[in-house]
Structures are given as C-alpha cells and as structure tokens.
Amino acid sequence: MKIEDIVTRIQDETEGVPIRTVKSFMTKIPSVVTGTDIVQWLIKDLSIEDPAEAMHMGSLIAAQGYFFPISDHVLSLKDDGTFYRFQAPYFWPSNCWEPENTDYAIYLCKRTMQNKTRLELADYEAENLARLQRAFSRKWEFIYMQAEAQVKIDRKRDKSERKILDSQERAFWDVHRPVVSRCLYTLPTSSDSFNHYGCSITYETISCCSVRKPAETNSDSSCFLFQILFLNTQLDRHRMKMSKVAESLITYTEQYMEYDPFVTAPEPSNPWTSDDPSFWDLEASKEPSQQRVKKWGFSLEEALKDPAGQELFLKFLESEFSSENLRFWLAVQDLKRMPQQEVGQRAQDIWAEFLAEGAPSSINLDSHSYERTSQNLKDPGRYSYEDAQDHIYKLMKSDSYTRFLRSNVYQDLLMARKKVCVSMFVINQRLSFVYIPIF
Amino acid sequence: MLASASPLIPEMATQEVQLNETLAHLKTESETLKSKLEEERAKLHDVELHQVAEKVEGLGQFVMKTRRTLKGHGNKVLCMDWCKDKRRIVSSSQDGKVIVWDAFTTNKEHAVTMPCTWVMACAYAPSGCAVACGGLDNKCSVYPLSLDKNENLAAKKKSVAMHTNYLSACSFTNSDMQILTSSGDGTCALWDVESGQLLQSFHGHAADVLCLDLAPSETGNTFVSGGCDKKANVWDMRSGQCIQSFETHESDINSVRYYPSGDAFASGSDDATCRLYDLRADREVAIYSKESIIFGVSSVDFSLSGRLLFGGYNDYTINVWDVLKGTRVSILFGHENRVSTLRVSPDGTAFCTGSWDHTLRIWA
C-alpha cells in the first residue's frame, strides 16, 4: 500500500524526519516531530514542486490517522511548529479495523479511571460515554471490569511509553469515532482495502455492492481454448511502428489545437468564462465561420459531421449528378439508428431505392459487394449494408470529396468569409467614431 | 490425513489425472502465447511518444477555475453526462436522485427519484429529449424529458436493460434508439430502447466491468470497456467479438475514453496512473503518473484536440496532463471529497466534475 510505504520511509532513522523528545515546562514530550518537518520531507522525498500539494497530501495522510497532533482531536496537518506523533503500525487502517462500541466503551471507561488531566474526557466524549452507558445498561459491569484490567496493565509501563501509547490510542479513536463535523477532510480511500462504491472508514453501510475481486481464474478448459484462439488471432494482427504512431498522434493533435478551447481561446469568448453565449449562437447559425469551413477540408468525416458541411457537399454532388452515393450512405446511417422493429422494412426500402434493378437512385457497386449485400438481404438486419456502405464511402473519399475541396462552391465559401470579416471590421471602426462622448 | 482424496474407482482416477494434465497443458500454452504476443508488440517499439514529442511546442500556463458550482444533490454525485447542446447536463447520486441542469444558468430543469439508491450511471440521449440511468437496481431505465415541468417524469419511465448485477455505465449510441451498458455481472450489452430487446452481448471480462466508451467515428462500430480484471477490451458491436485486449494496469480500470481521432484511448485506474493505448500499435504508448500521486483515478477525458487529458482522482484533485509530452500541466483543487466523474463538454469549452462532496463543478 503506497501510503504506508511513505509513512514507513518518513520515520526512517537516517532518511526520515527528525523524531525527538522535546523538553517542555516541567515535563518531556517524547517522540514528536513538527508539522513543518513533515511538509519539507514530503516535498523532498516525493519531488513535489508546489508546497500546497505537499500540504494536501499530508492532510490526507493525517486524516487516516497515520500521524496526529498531540494536543488536538482534529486530524489535519499544519505547516508550522505544531507537534505531531506517528501512529503505531498496530493501529494502521490496513489492519482492517472495525472497532465495536464495546471497545469504545471500554476505552472511554478506562480514561475516567486515570487521574490525569491530559486524559480528561472532551465534551463529545463525555456525551458518547453517557449514551453508551445507557445502551449497555446491565452489561456495563463487564465493560467496567475490562477497563479496570487494562488500567492495571498500563500502570506497569514506563511513563514515557505510556504517554506515547495513550496518544496513539486516542488518535485511533479520533479516526473511528471522530468529533462530528470538525474533521476538515473526510477520508478518501486508496486502492485495495475498500470496495469501489463505498465503504469509507465512517460508519456508512453500503448494501450489496459486489466486492471487486477478479473471479478465480476459470479452470474450465473451454475458457483456456477460447483464450488460445483469441491470442492466436491477435498474433496475426498487423501493427504499426511506434515512430509512425507518434507522428500520427502529433499531427492530429496539432491540426486540431486551434479548435481546442483549452488551448486556443474561442472567438469572441468562452461562454463559461465570459458568461456570454455568443460563441454558441455563432456556431448554431446557418452561416458557418471561416474556421469551421476550413475544418471540412481535414477529412470527409469532418465535412459530414457538420450539418452545414454535409449540406454543401450534397449540393456539390447534385451538381455532378452523383448525389445518390451520399444519400445511400446517409440512409444506411439512419438504418442503424432505427428501432429494431422498423429495421427490416427500412432495409427493403433502401434496396428498392438504391440497388434494385431499375432503381430510381441507382448506385454503382462492384459485383462482389453487390452479391454479398443481396445475400444479406435474405435476412435483413441493421448491418446488412456494411460492405456496400464501406465501398461507397471509400469512393466518395477518393473521388468526389477531393474534387469538392477544389470546387468553386467550397473555395468561395472559404474565401468569402474572409471578405465578410474585413467589412465587419471596417463597420466597427466607423461606429467607434460615432460613440465618442463629447465633453 | 491424505494430501488429496483418492477416488474409489481406479478409472476415474486416471480420467481425473488426464483432465488435470490437459488443463495444465492448456494453461501453459496460453501463457506462452501471451509472452509471444508481448514480444511481437515490443518489436515495433522503436521510440517513445514523449521523445518524438520533444519537437512539439510546450504548452503555456493554464488558468483553469471553477466557473459554476451546481448544488442540489443531497448525497454523493456518482455520474454525469453532457447534452449535445453543450450546456445541459444530467447527474445522478447515491440517494437515487437524477437531476437535469442547465449548467450555464445553474438552474435545475428536471428531477427524478429512482426507486433504488446508488445510481452509478446516467446518460443524455443525443436528441436531448431523454435520459437513461441505473445502478443497484441492475437495470437501465430511460426517462423521456417533458417540457411540462409539472409532469411526473417517473410515470413515463421505460425499463430497457436487465443485468444480473449492478449497472456501472451506460451510453446511447449515436441514436436515441440504442443503449450500450456495462455491469458488475462482467458483461456489456447493446439494447433496443423501444422494445427492450437485447441486440448483442459482450463476454470476455473476468470480473466486474466498470466503464465503457463508444468510438467517436461516424462509421465505426466499436467501443472500449474497462474492468476489475485490469483489462481494457475493444469490441466489435456487430459481432460481439473482442477484437483487441490490453492488460498493463495494476488494478481496477475505472474509466476509459477514446482519443478524439478514435485511433487510441486513455484509461484511469486504482493504481493511480492514467495510460494511453494506441490501437494501431496495439500496445500501451504512454503512462501518466507521478510519485506524489498515490490515489486512484476515477475518471478521465480528453480536451477537443487530444492534447490535454483531464483526470479526476480519489484524493479530491484534478490533474491535467500533456498527452504528447507525458508531463503534468496543472493540478486543480476545489472539491472537498473524491472526484467520481469527469466529462469534457461536447464542444470542448469546459469540463464538468461530480464529487462525493455532493456538488458538480464546471471548469474552464
């Protein structure tokens, strides 16, 4: 458990923080370290640049009770001379403590038996004790006896040792029976010990979330055979070199960075930061911006994704008398989005419109795809036209789309926006003269 | 005491021995193939992504702040999703409440109380006219959103998916008519919303499936899922087959999200790391981690260009990573408890986080 690695290292005699006994008025405080020492060590050991991060990390570790302030019930970390002590590994959360009310009752009872001001009960502890006494009523005698026995054993210990153990035990109970609403950080849970959807170390009970342990490796032979089959197909897969993949990722990202609002501020402004939704209004308008029109040139997919781009491409195809390809592609997209019940009929309609003998919008398919598709139509489903759709898409991409990008229709739009921008700029300049106040 | 029980009939003893031998043999063969596959994958690993990315210009300083805080849930927020209109969101929480907000104005527009607690999954329909949600009830239900605020949404509820364990994630495909779900029962499934019919089921995970994401391509038919078996699997929706599998995380995978081009995907795990897997290279190509980050990642998402990866962590923070260079760009504080869900808005202008501190925050 990573947190416990850190807690072990921080207490190391040579590499850890300076834990020492501090002389105080009339007494000695054993085994303490200052908050600042802890923060500094975290910064150094975990290579943290920002002290705020170290504070945050330290507070989380404190909230779980791995170290605690010796003079307070609040489990947090302060970057000053406040003294902290480390919790005994016996009390660490990884031991899966679920202490019961009997344990707590014995502990509080024990505290009342010891004649030390430092062990006096806090208000909330006194309240808890009273409640527990009422709850246990006739069984209280048992609790009392246990407490007495523990006090007897404690008396035999060395004074310094007792101070340390008392404080560690108190810190343990600060974790499991915290002062209500005073803890600044509720407890996060890290990795294994707790299940995903639930149990933090407070007394919330989560019912019936399945414990997330991977199933025992299925020793069923069919399972292994399946795996072997899968692995064999994977071995035959064609893979791309890492250098090529890296270039591809970089190229894609760089191309889109001007469209990424986190990298390039959107025009006129990001609605969330300026509270002005104009950016959205512009995107929704029928007049696409020059930047948007430029994006249609990245790929056929981008052009089709944008309704305005799709519309323009369709217009272009109509002018070339080849719009049936796009219309077929769109119809098949629609088919895949339909409710199951309607799929069969729609598949037949598409055949009639685009592929049948003498169809009104006849598309050009190679004989192989045509054969496969008509076979599929014997049992029509939402994926009956996958082959055909793929073929038509490739055709549009390599043929019509490249011509579209060079076409007047597209180029005019790409350029026209520039002209509009310039004239808007001029008008704005004129207006600013009109509104100069007169003194 | 005998070390192992010996069967009474000698023939059974031989058969049992034979079966064990076969299983052992199969296991060995499987292990051998796995190592061979790793070898093949490693052969094409001629350079690291961050090395090639050294030539890319570094990113400037980021100023990302909470721009909106949505208060209204009475308990832990577990999941959220954006509407395609870029400003509305749906969120679900532990107490069974599902709320639809206009995040821009912070107004609540609809609220439904589910009959079960722990609504771990919710999704907005592409049309914006419905939401889907589910959790401990093992189901995924669709609620059409009515314009009439007084109408009781619960009355029009439609039960679509049925699993044999909790629902961990759900997503509409590019239509209101199909929903993809993942469950604690170890499977994913594709459903027809109108009839509730199971269209396809996906088997292959050895434990709870915790997350899924659909490939962004208009023409694609694939999705990726992540589970408690530490595996991320890529599936073909048409056949139900697993087409690629990745197993490099050291603990449960809580979140998976495609890189915007669809050629790669990121994952976030309880092992405190995020990783990037490329489908063409067929391997893990980057790992986003720091010594000082020791708490699990609950949720990840990319910025629009794929340059930034946002991760919500169980230590209440959000870490922002430079995807290409592999370095951390920023750390964001604000939530007072674990960040359980994180999604970037459809136009990339902001991202939303939901937390166990009962609130949602919009960051930009």
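Residues numbered from 1 in each chain as written. Chains lettered and ligands numbered in written order. Predicted model: local features only at pLDDT ≥ 70, side-chain atom pairs only at ≥ 80, totals over all residues. Heavy atoms only, no water.

1. A short note on the pattern of salt bridges
All names here are of chain A.
Here comes step 1: By the definition in use, this model includes 37 salt bridges over all chains.
Here comes step 2: Ionic pairing is found between Arg170 and Asp174, a salt bridge with its closest N-O pair at 3.9 Å. Taken together, the residues Arg170 and Asp174, both in helix α7 (residues 159-176) and 4 residues apart, mark about one turn of the helix.
Here comes step 3: A relative accessible area of 15% means that Arg170 is categorised as buried.
Here comes step 4: In this structure, the salt-bridge partner of Glu386 is Lys336, at a minimum N-O distance of 3.1 Å. Highlighted residues: Glu386 in helix α18 (residues 386-406) and Lys336 in helix α15 (residues 323-337), separated in sequence by 50 residues.
Here comes step 5: With a relative accessible area of 13%, Glu386 lands in the buried category. (Salt bridge = Lys/Arg side-chain N within 4 Å of Asp/Glu carboxyl O. Helix = DSSP H or I, 4+ residues; strand = E, 2+ residues; numbered from the N terminus. Buried < 20%, exposed > 50% of the residue type's maximum accessible area, 1.4 Å probe, protein only.)

2. A closer look at the sheet that holds strand β3 (residues 88-93) of chain B
The strands that make up a sheet pair up through hydrogen bonds in the backbone, lying either parallel or antiparallel.
Residues and elements named next belong to chain B.
Here comes step 1: Ordered in space as β2-β3-β4-β5, the 4 strands form an open sheet in which the pairing is antiparallel. Looking at the sheet topology across the chains shown, the edges are occupied by β2 (77-82) and β5 (107-113). Recorded for the sheet is a direction-independent mean angle of 20° between the axes of neighbouring strands.
Here comes step 2: As paired elements, β3 and strand β4 (residues 97-102) share 5 bridges and run antiparallel to each other. The residue of β4 that forms the bridge with Val90 is Val100. (Pairing = 2+ DSSP bridges. Axes fitted to C-alpha atoms, helices over the stretch in contact; angles between N-to-C directions.)

3. Notes on the sheet that holds strand β27 (residues 351-355) of chain B
Residues and elements named next belong to chain B.
Here comes step 1: The 4 strands lie next to each other as β1-β28-β27-β26, forming an open sheet whose pairing is antiparallel. Each edge of the open sheet carries a strand with a single partner, namely β1 (66-71) and β26 (339-344). On average, each strand axis in the sheet is tilted by 20° relative to the strand beside it, whichever way the strands run.
Here comes step 2: Judged from the 5 bridges that link them, β26 and β27 form a sheet pairing that is antiparallel. Counted as the bridge partner of Arg343 is Cys352 from β27.

4. Let's talk about the UniProt feature "domain: DEP" (unreviewed entry) in chain A
Here comes step 1: In the numbering used here, UniProt assigns the "domain: DEP" (unreviewed entry) feature to residues 13-88 of chain A.
Here comes step 2: End-to-end, the C-alpha atoms of residues 13-88 of chain A are 16 Å apart, and along that stretch the chain is 32% helix and 26% strand. (UniProt positions renumbered as here; feature names shortened; annotations may be inferred.)

5. Some details on the state of the cysteines
Residues and elements named next belong to chain B.
Here comes step 1: One pass over the full model with this rule turns up 0 disulfides over all chains.
Here comes step 2: No disulfide involves Cys133; its nearest neighbouring cysteine sulfur is the one of Cys140, lying 7.0 Å away.
Here comes step 3: Here Cys133 falls in the buried class, since its relative accessible area comes to 0%.
Here comes step 4: You can see Cys242 has no disulfide; the closest cysteine sulfur is in Cys188, sitting 10 Å from it. (Disulfide = S-S within 2.5 Å.)

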